[in-house]
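Listed here are the chains, written in short residue letters.
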Amino acid sequence: NGYIIFGHYLSWQISQYKSMAQNETFGDTIRKLREESGLPLRKVAAHLDIDPSTLGKIERNERSANKEMVEKLAQLFSINPKPLLVSFLSDKIAYEIME
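A brief report on the enclosed structure follows.

Rules used throughout
- Residues numbered from 1 in each chain as written.
- Predicted model: local features only at pLDDT ≥ 70, side-chain atom pairs only at ≥ 80, totals over all residues.
- Heavy atoms only, no water.
- Axes fitted to C-alpha atoms, helices over the stretch in contact; angles between N-to-C directions.
- Helix = DSSP H or I, 4+ residues; strand = E, 2+ residues; numbered from the N terminus.
- Parallel < 35°, antiparallel > 145°, perpendicular 65-115°, else oblique.
- Left-handed = near helix turned anticlockwise from the far one by under 90°.
- Contact = heavy atoms within 4.5 Å.
- Nonpolar A, V, L, I, M, F, W, Y, C, P; charged D, E, K, R; others polar.
- 1 Å grid on protein atoms, 1.4 Å probe; cavity = no way out; pocket = protein on both sides within 12 Å on 5 of 7 lines; lining within 4 Å.
- Points joined across faces, edges and corners; volume = space filled by probe spheres on them.
- Core = buried A, V, L, I, M, F, W, Y, C linked by side-chain atoms within 4.5 Å.
- Buried < 20%, exposed > 50% of the residue type's maximum accessible area, 1.4 Å probe, protein only.

**Some points on the packing of helix 2 (residues 26-37) against helix 5 (residues 67-77)**
So, step 1. At a closest axis distance of 11 Å, the pairing of helix 2 and helix 5 adopts a crossing angle of 25°. For the element pair helix 2 / helix 5, the angle class is roughly parallel. Note on packing geometry: the crossing formed by helix 2 with helix 5 is left-handed. The segment helix 2 lies against helix 5, with Phe26, Ile30, Leu33, Arg34 and Ser37 engaging Val70, Leu73 and Phe77.
So, step 2. Grouping the constituent residues of the contact of helix 2 with helix 5 by class yields six nonpolar, one polar and one charged.

**A short note on empty space enclosed by the protein**
So, step 1. If you walk through the whole model with that rule in mind, you get one cavity of 30 Å³ or more.
So, step 2. In this structure, the largest cavity spans a volume of roughly 80 Å³.
So, step 3. Along the walls of the largest cavity sit Phe26, Gly27, Ile58, Asn61, Arg63, Ser64, Ala65, Phe88, Asp91, Lys92 and Tyr95, which together make up its complete lining.
So, step 4. Secondary-structure elements contributing two or more residues to the lining of the largest cavity are helix 2 and helix 6 (81-98).
So, step 5. Of all the elements, helix 6 adds the most residues to the lining of the largest cavity, at four residues.
So, step 6. Here the lining of the largest cavity is built from residues that sort into five nonpolar, three polar and three charged.

**A closer look at the nonpolar core**
So, step 1. In terms of nonpolar packing, the biggest core is built from 17 residues, with Phe26, Leu48, Ile50, Leu55, Met69, Leu73 and Leu84 touching the most fellow members.
So, step 2. Secondary-structure elements contributing two or more residues to this core are helix 2, helix 3 (41-48), helix 4 (52-59), helix 5 and helix 6.
So, step 3. Ranked by the residues each element gives to this core, the list is headed by helix 5, at five residues.
So, step 4. Among residues more than four places away in sequence, those in contact with phenylalanine 26 are Ile58, Ala65, Val70, Leu73, Leu84, Ser87, Phe88 and Asp91.

Here it is, written out as structure tokens:
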């Protein structure tokens, strides 16, 4: 069945991206990227056009990000946006299931 094959392929793709992110939340990933780049919270927040306290809450998983932030963050850190997008969407799905 085509749906089963696609489902397995999609699961494999997601597992590849998740293994790259080491099963971190989107907030964990952002904090890690920011710290590895040596950027202060306020500079990353300014790039996203949000308050530093809001970015801090996103990093601590107390607030969710939005999809527009993914592309801006990928651009800021000069990385492929796909792993960030997978992490972002994984968090959204997890929050939906928990609710």
